[in-house]
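Chain residues, written in single-letter form:
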Amino acid sequence: MKRTAKEKSESWARITRRGLILGGVQLGFASALAMRMRYMQVDQADEFRLLAEENRINLRLIPPSRGQIFDREGRVIAANEPAYRITMVREEADDVDAVLDRLAQLVSLDPDEIERAKAEMARSAPFLPVSVADRVTWDEVSRVAVNAPALPGITPEVGLSRIYPHRETFAHVVGYVGPVSERDLARYEEPEPVLRIPRFQIGKVGVERNYEEQLRGRAGAKRVEVNAVGRVMRELDRREGEAGSDVQLTIDVELQNYIRARLGEESASVVVMDLAEGDLTAIASSPSYDPNKFVRGISVADYGIYRDNIRRPLASKAVQDAYPPGSTFKMITALAAMDAGVVSPSETVWCPGHLTVGGRRFHCWKRAGHGWMNLEQSLRESCDVYYYDLALKVGIEKIAETARRLGLGEVHDIPMSAVTDGLIPDKDWKRINRGAGWVIGDTVNASIGQGFVLSSPLQQAVMSARLATGRSISPRLVKSVDGVETPGRPGEDLGFNEAHLARLREAMFSVSNNRRGTAYGSRIIDDAMRMAGKTGTSQVRNITAAERARGVVRNEDLPWNRRDHALFVNFAPYEAPRIAVSVVVEHGGGGSSAAAPIARDVTLQALFGGDPPLEAYPTKDRDRIRELQDRLAAEREERLKSAQSRA
């Protein structure tokens, strides 16, 4: 049926209205789009240009060069060496496992290191780089760089890593650095961004830790342009950081190396102190460990070897261990008694081999007794009964006060880890710490450096230095920082009667130079270098009455860890003292047989600045000393060559 003209006109009108509505909608949409485009391209052009710039430009921190550590003569002890590593940023890698699989085809990856890296990535922010391979070669770095498009998130880097060219020799003094841990970060309220750099190294123990702020320096920064796959195209600008400050120690490399060679694997420690400024020219603990193994994280196997060694190579025995000082404490008891006016150097005491106090018998080391003893004789032959008698007259308070004035019971301010204050007991200490009253037997034991009394080898060296000088001289380990001298510590006059000190020094001279002296076998023959010293033997176990009845078993017949400790302190030359020395040999037996020979050899080495002439030794010892010098010289030469090649 045909539509009429009217119907056609109405239909056309409806179509025209729909077209107008649709056209209006399209025009409105186009207008809105045009306005949005104008807004983005004109009004917001600067903002979006900035966003685009940030997407293609990365800001990266530049780790500072760590300050080096030198000995007193400027010889390097801790240095830096180039090290290549490969890092990964988790958010850029997308599929971490897939990228690591591709990386493993180019670089040898340690499975344990990869697991550690994954764990670190899981607990770190996704944009932080994490080290996945350390100490890689230049060839491996090159292969990674060439294949960068297939390794999103992977970046090869070059940096500096710590190296200790003398290895074990300075381990307990300098300490070591290691990667920053969560525990390290917890030490800071607001950790510096540089501490977030992957595997960034900070000081963990020793001088490295105590001078961390000065040695670390300040990080720099650089802006680099990267393409769509993250490859660095060019460096736009760079702001160099500040290198860490260099630290110079008072230690002498050659003397320290000699002591390490002289001690061998003995469980022992030696401290050498210069009497002019208090400089520690040597401070050694043996056996030691290789700090280079800790720099990038020590393996479980290597750490287990150190941890399980009965001679405790990880312990800094010279400063953190405290021992009963034994007979080296007798100078303190004698000085306290003279200072209190209860005894004169010429007065004598009868030694029958024991003294009964409060119903208990206190024995002298010489069972038959020494007979009549004055001050010089008692110190020379180390009579115990003489000092038991002095202690009863002077009392523990005066003894403790004298000990503290001479540097015992004090934490000496040197930048090493776990420096002990030892223990100088008195009545208040026992009441507070043991909940018991002081008894007279405690005073008797303390008079010969036993009972509760404890001191470190460092404190023993300070005691000897103060006896030699009469000054409150204190140890100094850091000579300068960034070329700025650290003040010496010569100390002030201690206020002791000089005549009393002179009598003690004479008695100590007899110990080493009188035929009846306990250290006569380790004397120095050179008149200009003669030393004054004192032997000490400290018990590590109580001798039972049954043992005494059947004859005490000799130290050498006991298991090693049940033998007595051997000690020796001295200063030299006697006429014009320049150095003080202390030696402790753990479970070495007698001070005269184990510690005094080491102290004599170290003293001569320090005074002569190298191997002393054989004429300085007793004739009977010269063949043995010549053989020892040749062997130690070869060992020192090997160590120095190794150190130079590492440096």
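Residues numbered from 1 in each chain as written. Predicted model: local features only at pLDDT ≥ 70, side-chain atom pairs only at ≥ 80, totals over all residues. Heavy atoms only, no water.

A. Representation of the side chain of Asp 184. The topology assignment puts Asp 184 in helix α8 (residues 182-185). Here Ser 181 takes part through its backbone nitrogen, which lies 3.0 Å from a polar atom of the side chain of Asp 184. Discounting chain neighbours no more than four positions away, the residues touching Asp 184 are Pro 179, Ile 202 and Lys 204. (Helix = DSSP H or I, 4+ residues; strand = E, 2+ residues; numbered from the N terminus. Polar contact = N/O pair within 3.5 Å; in protein donor to acceptor, adjacent residues only side chain to side chain. Contact = heavy atoms within 4.5 Å.)

B. Representation of the packing of helix α20 (residues 457-469) against helix α21 (residues 498-513) in the model. Taken N-terminus to C-terminus, the directions of α20 and α21 make an angle of 120 degrees; their axes are 9 Å apart at the nearest point. Between α20 and α21, the angle is such that the two are oblique. Contacts from Leu 467, Ala 468 and Thr 469 in α20 reach Leu 501, Leu 504, Arg 505 and Met 508 in α21. A per-class count over the contact of α20 with α21 returns 5 nonpolar, 1 polar and 1 charged. (Axes fitted to C-alpha atoms, helices over the stretch in contact; angles between N-to-C directions. Parallel < 35°, antiparallel > 145°, perpendicular 65-115°, else oblique. Nonpolar A, V, L, I, M, F, W, Y, C, P; charged D, E, K, R; others polar.)

C. Inspection of helix α5 (residues 111-123) at higher detail. The end-to-end C-alpha separation of α5 is 19 Å, in line with the 18 Å expected for 13 residues at 1.5 Å each. Buried residues belonging to α5 abut β3 (76-89), α3 (90-93), α4 (96-104) and β4 (129-136). (Expected span 1.5 Å × (residues − 1).)

D. Just the side chain of Arg 162, in detail. Along the chain, the position of Arg 162 falls in strand β5 (residues 154-163). From its side chain, Arg 162 meets the backbone oxygen of Gly 67 in a polar contact 2.7 Å long. Of note is the side chain of Arg 162, whose polar atom sits 3.0 Å from the side chain of Asn 80. The contact partners of Arg 162, leaving out residues within four places of it in the chain, are Arg 66, Gly 67, Gln 68, Ile 69, Ala 78, Ala 79, Asn 80, Val 177, Gln 201, Glu 208, Leu 215 and Val 295.

E. Structural view of the pattern of salt bridges. For the coordinates displayed, the defined rule picks out 39 salt bridges. Arg 187 is paired through a salt bridge with Asp 184; the nearest N and O atoms lie 3.4 Å apart. When its relative accessible area of 35% is taken as the criterion, Arg 187 is described as partly exposed. Residues Arg 216 and Glu 213 are paired through a salt bridge, measuring 3.7 Å at the closest nitrogen-oxygen approach. Placement of the pair is Arg 216 and Glu 213 together in helix α10 (residues 212-216), with a separation of 3 residues, close to one helical turn. You can call Arg 216 buried: its relative accessible area is 1%. The partly exposed category is assigned to Glu 213, whose relative accessible area is 48%. (Salt bridge = Lys/Arg side-chain N within 4 Å of Asp/Glu carboxyl O. Buried < 20%, exposed > 50% of the residue type's maximum accessible area, 1.4 Å probe, protein only.)

F. Here's a closer look at the nonpolar core. One finds Ile 69, Leu 249, Leu 280, Ile 283, Tyr 386, Ile 414 and Leu 467 to be the most contacted residues of the largest nonpolar core, which totals 92 residues. Ignoring any residue separated from it by four or fewer positions in sequence, one finds Tyr 386 in contact with Val 343, Glu 347, Val 349, Met 373, Asn 374, Leu 375 and Ser 378. (Core = buried A, V, L, I, M, F, W, Y, C linked by side-chain atoms within 4.5 Å.)

G. View of the packing of aromatic side chains. Across all of its chains, the model carries 13 aromatic pairs by this definition. Taken together, a centroid distance of 6.2 Å and an interplanar angle of 85 degrees make the contact between Tyr 176 and Tyr 289 edge-to-face. Remark: Tyr 289 occurs in the loop between β12 (280-286) and α12 (300-307) and Tyr 176 occurs in strand β6 (residues 176-179); sequence separation between them is 113 residues. On the basis of relative accessibility, which here comes to 15%, the residue Tyr 176 falls in the buried class. Aromatic side chains Phe 294 and Tyr 306 sit 6.4 Å apart centroid to centroid with 15 degrees between the ring planes, which places their arrangement in the stacked category. Linking Phe 294 in the loop between β12 and α12 with Tyr 306 in helix α12, this pair joins segments that are 12 residues apart in sequence. Side by side, Phe 294 and Tyr 306 carry an identical accessibility label, which is buried. Positioned above the aromatic ring of Trp 560, the side-chain terminus of Arg 311 is 4.4 Å from the ring centre. Here Arg 405 stacks its cationic end above the ring of Phe 496, 3.8 Å away from the centre of that ring. (Phe/Tyr/Trp six-rings, centres within 6.5 Å; stacked < 30°, edge-to-face > 60°. Lys NZ or Arg CZ within 6 Å of the ring centre and 35° of its normal.)

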